[in-house]
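# Coordinates in review
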Amino acid sequence: MSIEEQILANPVLRDMQNLLELQTAKGLAKYGTTVNPMDYTTIQWIEHARQELMDELVYLTVLKQKMEEMQNERD
């Protein structure tokens, strides 16, 4: 089975592929280009990734709190 067939057969991989395509389209619309490794220094890329991870932690914290609230309501 080819990689493309593996992706199509796996809903998780299919979802990841769709997310990548959507994110790429969003970046093209906003910046007119895709990711260019030369846009930032290594340190700047690390800092950018750190900021993105902090946003993700905020989102995960909100989701955790919502799930705890739902669980508490059921108990």
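Quick look at the structure, then. Owing to the predicted nature of the structure, the values given are computational and were not obtained by experimental measurement.

Attention now moves to the pattern of salt bridges. Applying the stated criterion to the full structure yields two salt bridges. Arg-50 is paired through a salt bridge with Glu-47; the nearest N and O atoms lie 3.1 Å apart. Linking Arg-50 with Glu-47, this pair stays in helix 3 (residues 42-74), spanning three residues, or about one helical turn. The exposed category is assigned to Arg-50, whose relative accessible area is 52%. Glu-47 sits in the partly exposed class, given a relative accessible area of 34%. For Glu-68, the salt bridge goes to Lys-64, with nearest N and O atoms at 2.9 Å. Of the two residues, Glu-68 and Lys-64 are both situated in helix 3; the distance of four residues between them amounts to about one turn of the helix. For Glu-68, a relative accessible area of 35% puts it in the partly exposed group.

Thresholds, definitions, all that
- Throughout this document, residue positions are counted from 1 along each chain, in the order its sequence is written.
- In view of the model being predicted, local features appear only for residues whose pLDDT reaches at least 70, and side-chain atom pairs are presented and counted only at 80 or more, with totals across whole chains, interfaces and linings using the full set of residues.
- Hydrogens and water molecules were not included; the side-chain quantities draw on all heavy atoms of the structure.
- Salt bridge, as used here, is a side-chain nitrogen of Lys or Arg placed within 4 Å of a carboxyl oxygen of Asp or Glu.
- To qualify as a helix, a DSSP run of H or I must reach at least 4 residues; to qualify as a strand, a run of E must reach at least 2; elements of each kind are numbered from the N terminus.
- Only protein chains enter the area calculation, which uses a 1.4 Å probe; residues under 20% of their type maximum are buried, those over 50% are exposed, and those in between are partly exposed.

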